[in-house]
Amino acid sequence: MDTQKRMVESFQITHRVFIKNLIDSMTLLEKEIEDSREIGSVCTGEWCRAIEFSLDELAKDLYSISEPRWMADDYSRTLRNSRRRLHDLYARYRGIASRTEH
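Each value, and the rule that gives it
- Residues numbered from 1 in each chain as written.
- Predicted model: local features only at pLDDT ≥ 70, side-chain atom pairs only at ≥ 80, totals over all residues.
- Heavy atoms only, no water.
- Helix = DSSP H or I, 4+ residues; strand = E, 2+ residues; numbered from the N terminus.
- Buried < 20%, exposed > 50% of the residue type's maximum accessible area, 1.4 Å probe, protein only.
- Contact = heavy atoms within 4.5 Å.
- Areas by Shrake-Rupley, 256 points an atom, 1.4 Å probe, with all protein chains shown as cover.
- Salt bridge = Lys/Arg side-chain N within 4 Å of Asp/Glu carboxyl O.
- Phe/Tyr/Trp six-rings, centres within 6.5 Å; stacked < 30°, edge-to-face > 60°.
- Polar contact = N/O pair within 3.5 Å; in protein donor to acceptor, adjacent residues only side chain to side chain.

## Notes on the overall build of the chain
Each helix and strand counted, the chain has three helices and zero strands in total. Its helices and strands taken in sequence order, the chain reads α-α-α from the N to the C terminus. Each of the 102 residues in the chain was classed as buried or not, and the buried ones make up 26%. In the chain, the share of contacts with a sequence separation of at least 24, taken over all contacts with a separation of at least 6, comes to 78%. For the chain, the exposed area adds up to about 7,000 Å²; of that, 53% sits on carbon and sulfur atoms.

Put into structure tokens, the structure is as follows:
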């Protein structure tokens, strides 16, 4: 039983670190997108592809996470909020990308 408890604790720590790193990555992307709003011509083809690729990778990672039953409720809330934040971030990116395409 003690081994199982240690294993569950290890999984919980690993999950929390993984989610924290995803959120940190999202924060960096968010800052990059916000900075690009101030500079109208920043959305070059290369920049747009890089941002879109990063957003797609984050989405794959966030939406592939299943919620383990042994995680606390705040974990589910954090995951749900992160998915919503990524959706909003992608919408902001599309707004910037569409402005520069015209």
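Having seen it, we continue.
## Overview of the pattern of salt bridges
Considering all chains together, one arrives at eight salt bridges under this definition. The partner of aspartate 2 in a salt bridge is arginine 6, and the shortest N-O contact between them spans 2.8 Å. With aspartate 2 and arginine 6 both in helix H1 (residues 2-38) and four residues apart, this pair spans about one turn of that helix. A salt bridge links arginine 85 to glutamate 30; the shortest N-O distance between them is 2.7 Å. Placement of the pair is arginine 85 in helix H3 (residues 73-101) and glutamate 30 in helix H1, with a sequence separation of 55 residues.

## Here's the deal with the packing of aromatic side chains
Summed over all chains, the structure comprises one aromatic pair. Residues tyrosine 90 and tyrosine 93 carry aromatic rings whose centres are separated by 6.0 Å and whose planes lie at 45° to one another, so their mutual orientation is tilted. With a gap of three residues between them, tyrosine 90 and tyrosine 93 both fall in helix H3, about one helical turn apart.

## A look at the environment of serine 54
Its location among the elements puts serine 54 in helix H2 (residues 45-63). In this structure the side chain of serine 54 is engaged in a polar contact, spanning 3.0 Å, whose partner is the backbone oxygen of alanine 50.

## A short note on the side chain of glutamate 30
You can call glutamate 30 buried: its relative accessible area is 18%. Side chain to side chain, glutamate 30 and arginine 85 meet in a polar contact 2.7 Å long. Contacts of glutamate 30, omitting those with residues within four sequence positions, involve Arg85, Leu89 and Arg92.

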